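Take a look at the letters that make up each chain.
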Amino acid sequence: MRRMVTAVAALSLLLPTIGCDVQARREIAAEKGATEKGPPPPAKVAQSCKVQGRAPKIGIVPINLQALFFNQINTGAQTVARQAGAQVQIVNGNDDSTVQANAIDDLVANRYDAIIVDAVDTEGIKPAIRRAQAAGVAVVAVDATVKDPAVSTQVGTANAEGGRQLAASLVKITGGKGDIGVVGALNSTIQNERQKGFSDAVTADGMKIKTVVDGRNIQENAQTAAENMLTGNQDLPYAYATGEPALIGLAAAVSSQQRTDDIKVVGWDLSTQAVDGLRAGWIVGVVQQNTFQFGYEAMNAAIDLACDRTAPKDVPVPTQIVTPANVKDYLYYLEK
């Protein structure tokens, strides 16, 4: 009888553990399925054509090939090009406006029919875009907003508005009180817009930007800058990162300094590190741009323009706010 009672007691202790394991396996399987399913496919694919007897040639000049963000734009663009039968050449901008300008000139010289560019410097890239237009090559600006008549189509999101959305999320959590440290990229027009939109909104609601450090849109630089920011501000309760490298660098700094229990972070663009922070609860909000849709729309416009068809002047792509509660729905963004 004693053995039977002991066995029943042991079983009663084991059952909750088994139940937790089963639930965990179900959640892992669901997340794996969502990730493998990938992003929604393009809703439309531009009809291709023949340009001087061949398929259209489209050049793509991203900011860099390090960030998952830019690779996903490329993947989206290549998906449409593959289905339409267009040729694609990707040239790494290497975080350098001069490199991007030279790439555009080279693509024009090699008789590409349209060019998609995500500009490092939206002012510095304008002369190259105008040279392309003068040579009869249409330019589609994606992500970074290039305000110039030589740009045929602009595809992207309202960066300042995204910053304001994230600010509203943080203010809701904080009640409008507390200091914020910012890890930015002061060489990036896009991220400066995000920084200003966020800073204007949080300060209007009572919070304070205590310090801003420059990660220069490079992950290693961002981590070093974030480490210095946290070391110099031991009681800093909140932090904001303006892009993927900045958020990865900030996440690494928070973890290495064991600050995950006393700081809340918001930022831009999902990564493995951002997802880990969201699941742990110390990253409380991430603005996620629909990177694959950027690529779909940019390539559709480029093919239409290469085929002498009209394309919309502006193609807005909405953002998504990822939180600890809904992060499982966006895990496909961890794939290229």
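Fair warning: this is a prediction, and the values are worked out from it, not measured in the lab.

## Considering the sheet that holds strand 7 (residues 208-214)
Across the sheet, which stays open at both edges, the six strands sit in the order 7-6-8-9-10-12 with mixed pairing between neighbours. Single-partner strands in this sheet number two, and they are strand 7 and strand 12 (319-322). Averaged over all adjacent pairs, the angle separating strand axes in this sheet is 15°, with direction ignored. Inspection of the sheet shows strand 8 (residues 238-241) paired to strand 9 (residues 264-268) by four bridges, in the parallel sense. Looking across to strand 9, one finds that A239 is bridged to V265.

## Considering the sheet that holds strand 1 (residues 57-61)
Strand order in the open sheet formed by six strands is 2-1-3-4-5-11, and the pairing between neighbours is parallel. The strands lining the two open edges of the sheet, one partner per strand, are strand 2 (87-90) and strand 11 (314-316). The sheet shows a mean angle of 15° between the axes of neighbouring strands, taken without regard to direction. As judged from the four bridges shared by strand 1 and strand 3 (residues 114-117), these two strands associate in the parallel manner. Across the sheet, I58 pairs through a bridge with A114, a residue of strand 3.

## Focus on the nonpolar core
Ranked by size, the top nonpolar core spans 86 residues in total, and within it I104, I116, I129, L250, V265, L270 and M299 carry the most contacts. In terms of residues, this core owes the most to one element, helix 10 (residues 291-306), which gives ten residues. Setting aside anything within four residues of it in sequence, one finds L270 in contact with L68, V275, L278, V286, Q288, V322, Y330 and Y333. L166, V182, V202 and V287 belong to the second largest nonpolar core, which has 16 residues in total.

## Observations regarding the layout of surface pockets
Reported here for the largest pocket is a volume of approximately 160 Å³. Around the largest pocket, the lining residues are Q52, R54, V108, R111, Y112, D113, A135, G136 and V137. The class makeup of the residues in the lining of the largest pocket is four nonpolar, two polar and three charged.

## As for the side chain of N300
As for its position among the elements, N300 is in helix 10. Not counting residues within four places of it along the chain, the set of residues in contact with N300 comprises K44, V45, A46 and V80.

## Regarding unusual backbone geometry
With phi around 55°, Q52 is a residue other than glycine that occupies positive phi space. In this fold, Q52 is placed in the loop between helix 1 (2-37) and strand 1. The exposure class assigned to Q52 is exposed, which follows from its relative accessible area of 72%.

## Here we look at the state of the cysteines
The tally for this structure, following the rule as stated, stands at one disulfide. Covalent S-S linkage joins C49 and C307, the inter-sulfur distance amounting to 2.0 Å. The sign of the S-S torsion, about -90°, decides the handedness of the disulfide formed by C49 and C307: left-handed. One end of the pair, C49, is in the loop between helix 1 and strand 1; the other, C307, is in the loop between helix 10 and strand 11, with 258 residues separating them in the sequence.

## So, the pattern of salt bridges
Any two side chains of opposite charge can pair, given that their charged atoms come close. One pass over the full model with this rule turns up eleven salt bridges. For the salt bridge of R130 with D148, the shortest nitrogen-to-oxygen distance reads 2.6 Å. Placement of the pair is R130 in helix 4 (residues 126-134) and D148 in the loop between strand 4 (138-142) and strand 5 (151-156), with a sequence separation of 18 residues. Take R130: its relative accessible area is 47%, and that puts it in the partly exposed class. Residue classification places D148 among the buried positions, given a relative accessible area of 7%. R309 is paired through a salt bridge with D304; the nearest N and O atoms lie 2.8 Å apart.

## Remarks on helix 3 (residues 97-109)
With 13 residues, helix 3 extends 18 Å between its outermost C-alpha atoms, agreeing within 8% with the 18 Å of an ideal straight helix rising 1.5 Å per residue. Within the sequence span of helix 3, burial applies to S97, Q100, A101, A103, I104, L107 and V108. The arc that holds every buried residue of helix 3, seen down its axis, measures 160°, which confines them to one face. Exposed residues pointing more than 90 degrees away from the buried face of helix 3 are listed as T98 and A109. Measuring from the side-chain oxygen of the N-cap residue of helix 3 to the backbone nitrogen of T98 gives 2.8 Å; that N-cap residue is D96.

## A closer look at helix 8 (residues 244-256)
For helix 8, built from 13 residues, the straight-helix expectation of 18 Å at 1.5 Å per residue is met to within 8% by its first-to-last C-alpha distance of 18 Å. Burial analysis of helix 8 places ten of its 13 residues in the buried class, which makes it a mostly covered element. Every buried residue of helix 8 is accounted for by E244, P245, A246, L247, I248, G249, L250, A251, A253 and V254.

## Overview of the confidence of the model for the protein
Of the residues in the protein, 89% reach a pLDDT of 70 or more, and the chain-wide mean stands at 92. Taken as a whole, residues 26-30 scores under 50 in pLDDT and shows zero contacts with residues more than four places along the chain or in a different chain.

Basis of the calculations
- Residues numbered from 1 in each chain as written.
- Predicted model: local features only at pLDDT ≥ 70, side-chain atom pairs only at ≥ 80, totals over all residues.
- Heavy atoms only, no water.
- Pairing = 2+ DSSP bridges.
- Helix = DSSP H or I, 4+ residues; strand = E, 2+ residues; numbered from the N terminus.
- Axes fitted to C-alpha atoms, helices over the stretch in contact; angles between N-to-C directions.
- Core = buried A, V, L, I, M, F, W, Y, C linked by side-chain atoms within 4.5 Å.
- Buried < 20%, exposed > 50% of the residue type's maximum accessible area, 1.4 Å probe, protein only.
- Contact = heavy atoms within 4.5 Å.
- 1 Å grid on protein atoms, 1.4 Å probe; cavity = no way out; pocket = protein on both sides within 12 Å on 5 of 7 lines; lining within 4 Å.
- Points joined across faces, edges and corners; volume = space filled by probe spheres on them.
- Nonpolar A, V, L, I, M, F, W, Y, C, P; charged D, E, K, R; others polar.
- Disulfide = S-S within 2.5 Å.
- Salt bridge = Lys/Arg side-chain N within 4 Å of Asp/Glu carboxyl O.
- Expected span 1.5 Å × (residues − 1).
- Arc of directions from axis to C-beta.
- Polar contact = N/O pair within 3.5 Å; in protein donor to acceptor, adjacent residues only side chain to side chain.
- pLDDT = per-residue confidence, 0-100.

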